Amino acid sequence: MMGLRVLLALAYPVFAHLASARSDGGWAALALADIVLLLLLEPLLKRRLWALSLLGMCLLALWVVSQSRYALMPLLAPPVVFIALVAWLFGRTLYAGRVPLITRIVEGLYAQASMPVSPALYLYTRQLTVAWAAMLAVLAVLNLLLALCAVPSGVLHQFGHTPVLAVTDEQWSLFANVLNYGIVGGFFVVEYWLRKRRFPHRPYRNVGEFIQQMARLGPRFWNELMR
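These remarks concern the structure in this document. (Residues numbered from 1 in each chain as written. Predicted model: local features only at pLDDT ≥ 70, side-chain atom pairs only at ≥ 80, totals over all residues. Heavy atoms only, no water.)

A closer look at the overall build of the chain
Within the chain, the secondary structure is distributed over 10 helices and two strands. When the helices and strands of the chain are read in sequence order from the N terminus, they spell out α-α-α-α-α-α-β-α-β-α-α-α. Counting only C-alpha atoms and orienting by the principal axes, one finds that the chain spans roughly 60 × 45 × 30 Å. Counting only residues that meet the buried cut, the chain has 41% of its 227 residues in that class. (Helix = DSSP H or I, 4+ residues; strand = E, 2+ residues; numbered from the N terminus. Buried < 20%, exposed > 50% of the residue type's maximum accessible area, 1.4 Å probe, protein only.)

Right under this line is the structure:
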């Protein structure tokens with residue numbers, strides 16, 4: 001299931017960018033169908049009747065929209081909604097009385113290796129949680145602004161308003177479906193390098209071991225983390 005989820009997640013930006021670059025409603029419908037499959041994957045693999053019915057209704061709706069002038073508009077939503085959701089997942093753990101999200105992950109990783117978490121690392125992980133929440137929130141706002149200003153498929157243009165600062169659909173897509181991932185990936189790489197220099201004594205030696213140990217925390221840990 002994890003492999004299928006990764007494939008679907010990687011396929012979406014490709015389909016979405018092709019839709020925007022070619023102004024093609026068919027590719028747009030395929031990109032959105034990819035998201036529907038990603039969200040319904042687990043119940044579909046368990047052959048749940050409600051999931052199959054919902055999938056059928058979604059595919060029918062996507063086909064209808066793909067034949068209309070609004071075919072590309074639904075593609076504007078995922079980069080805003082999903083990034084804003086992840087920013088909220090980070091940000092909500094910063095409230096008083098809660099443990100910052102990255103602090104909880106680090107506690108889990110260090111507990112696996114029976115290593116203590118230093119006060120300096122506690123402070124760093126809280127600051128890092130703030131940084132991730134802020135960076136993702138800024139990205140969500142930028143994606144929203146570009147979704148409003150894209151021409152001809154942006155929200156303002158579709159409803160008869162001329163954006164003060166217009167961008168093409170392809171320019172919007174390059175940011176939403178390519179640069180978003182580059183910015184997030186670059187942030188992770190730079191932060192990982194800084195953390196490696198500042199905290200050399202860690203329970204993992206490289207990125208490969210880091211990912212393995214993250215996976216070893218198990219579904220129960222990740223489910224509790226998302227609550």
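Further notes follow.
Some remarks on the packing of aromatic side chains
For any pair of aromatic rings, the description rests on two quantities: the centre-to-centre distance and the angle between the ring planes. Within the structure shown, the criterion is met by 11 aromatic pairs. Here Phe-15 and Trp-27 contribute two aromatic rings whose centre-to-centre distance is 5.7 Å and whose plane-to-plane angle is 35°, an arrangement assigned as tilted. Here the residue Phe-15 occupies a position in helix H1 (residues 2–22), and Trp-27 occupies one in helix H2 (residues 25–45), the gap between them amounting to 12 residues. Note on Trp-27: relative accessible area 24%, which makes it partly exposed. Clustering of aromatic rings is evident, with ring pairs tying together Phe-188, Tyr-192, Tyr-204 and Phe-210. For Arg-92, the ring lying beneath its charged end belongs to Trp-88, and the centroid distance is 5.0 Å. (Phe/Tyr/Trp six-rings, centres within 6.5 Å; stacked < 30°, edge-to-face > 60°. Lys NZ or Arg CZ within 6 Å of the ring centre and 35° of its normal.)

Considering unusual backbone geometry
A cis geometry characterises the amide bond from Val-151 onward to Pro-152, with omega recorded as 15°. Assignment of secondary structure puts Pro-152 in the loop between strand S1 (150–151) and helix H7 (155–158). Residue Ser-23 is not a glycine yet carries a positive backbone phi of 50°. If you trace the backbone, Ser-23 turns up in the loop between H1 and H2.

Things to note about empty space enclosed by the protein
With the rule as written, the count across this model stands at one cavity of 30 Å³ or more. Its volume calculated, the largest cavity comes out at about 40 Å³. The wall of the largest cavity is formed by Ser-20, Leu-72, Leu-75, Leu-76, Ser-153, Asp-169 and Trp-172. Residue composition of the lining of the largest cavity, grouped by class: four nonpolar, two polar and one charged. (1 Å grid on protein atoms, 1.4 Å probe; cavity = no way out; pocket = protein on both sides within 12 Å on 5 of 7 lines; lining within 4 Å. Points joined across faces, edges and corners; volume = space filled by probe spheres on them. Nonpolar A, V, L, I, M, F, W, Y, C, P; charged D, E, K, R; others polar.)

Quick notes on helix H5 (residues 101–112)
With 12 residues, H5 extends 17 Å between its outermost C-alpha atoms, agreeing within 8% with the 16 Å of an ideal straight helix rising 1.5 Å per residue. Turning to H5, its buried residues number three or more, namely Leu-101, Ile-102, Thr-103, Ile-105, Val-106, Gly-108, Leu-109 and Tyr-110. Once H5 ends, the next one or two residues include Ser-114, with phi positive near 55°. (Expected span 1.5 Å × (residues − 1).)

Section: a nonpolar patch on the surface
Taken together, the side chains of Leu-39, Val-81, Phe-82, Leu-85 and Trp-88 present a nonpolar region at the surface, about 510 Å² in accessible area. Per-element tally for the nonpolar patch: the top contributor is helix H4 (residues 77–91), with four residues. By secondary structure assignment, the location of Leu-39 is in helix H2. (Patch = residues over 30% accessible without salt bridge, like charges linked within 9 Å, V, L, I, M, F, W, Y side chains within 5 Å. Areas by Shrake-Rupley, 256 points an atom, 1.4 Å probe, with all protein chains shown as cover. Salt bridge = Lys/Arg side-chain N within 4 Å of Asp/Glu carboxyl O.)

Here's the deal with the pattern of salt bridges
Applying the stated rule across the entire model yields five salt bridges. Between Glu-209 and Arg-205 there is a salt bridge, and its shortest N-O distance comes to 2.5 Å. We classify Glu-209 as buried; its relative accessible area is 17%.

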